[in-house]
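# A look at the structure
Listed here are the chains, written in short residue letters.
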Amino acid sequence: MTSSSGSLKLEIHTDDKTPGKWSVPLGDDVFRRFLSGGGGSEMAVFGEGSLFSPFLFGKYFDPSDAFPLWEFEAEVLLASLRSLGQCRVDWSQTDQAYVLKSDIPVVGKNNVQVYVDINGRVMEISGQWNSNKKAATNSDWRSGRWWEHGYVRRLELPSDADAKYSEAFLSNNDDYSFLEIRIPKINSKNKF
């Protein structure tokens, strides 16, 4: 399905078939070794300013741990990246909704998925990016060294977010995809 602006509307899943994925923590030292041995693809996915960078929030933070994004002002948290022109993500809120916008590098399969755990109030944005390395033979490659095959960012949803009415859109160009997620507020009269 395509929106009027030419963006593909993504299905937001609520029934996660593999809830334990991303269970292996990505530590600072492991990430630095991985990134130093990688090439352009690794930097495109996990580099500074990327939604999936462990350093997006100013210090090391495992992207598979949920982060309370909307408790922080984007202008403040991303000030240093914005001053260097390296920011590829933004978030905001209006009276009606919470909004997340991000460039996502086109690398490998780039099959972006969005999951919402309505009871746990966590949104997960993930995908598989590395098609050059041999994929794991089982479907649970994320329970191992997931960062070699995919990317993730888990976000805590605010208490007034109405996650079941969330919408996600993806538009593509040659170098980047653009992801926009809108999560209405519970008391908002304007559901999408």
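Residues numbered from 1 in each chain as written. Predicted model: local features only at pLDDT ≥ 70, side-chain atom pairs only at ≥ 80, totals over all residues. Heavy atoms only, no water.

An unreviewed UniProt entry lists the protein chain under the name Alpha crystallin/Hsp20 domain, from Arabidopsis thaliana x Arabidopsis arenosa. Recorded in UniProt under Sequence similarities (unreviewed entry), the annotation for the protein chain is "Belongs to the small heat shock protein (HSP20) family." (UniProt positions renumbered as here; feature names shortened; annotations may be inferred.)

The next subject is the environment of Ala163. When you line up the elements, Ala163 lands in the loop between strand 7 (150-156) and strand 8 (167-172). Its relative accessible area of 7% is what places Ala163 among the buried residues. In this structure the C-alpha to C-alpha distance between Ala163 and Thr14, which are 149 residues apart in sequence, comes to 9.5 Å. (Helix = DSSP H or I, 4+ residues; strand = E, 2+ residues; numbered from the N terminus. Buried < 20%, exposed > 50% of the residue type's maximum accessible area, 1.4 Å probe, protein only.)

The final tally for this structure, using the stated rule, is 14 aromatic pairs. Taking 5.3 Å as the distance between ring centres and 75° as the angle between the ring planes, the aromatic pair formed by Phe55 and Tyr60 counts as edge-to-face. A relative accessible area of 18% places Tyr60 in the buried class. Between Phe61 and Phe67 the ring centres are 5.2 Å apart and the planes differ by 80°, which places this aromatic pair in the edge-to-face class. (Phe/Tyr/Trp six-rings, centres within 6.5 Å; stacked < 30°, edge-to-face > 60°.)

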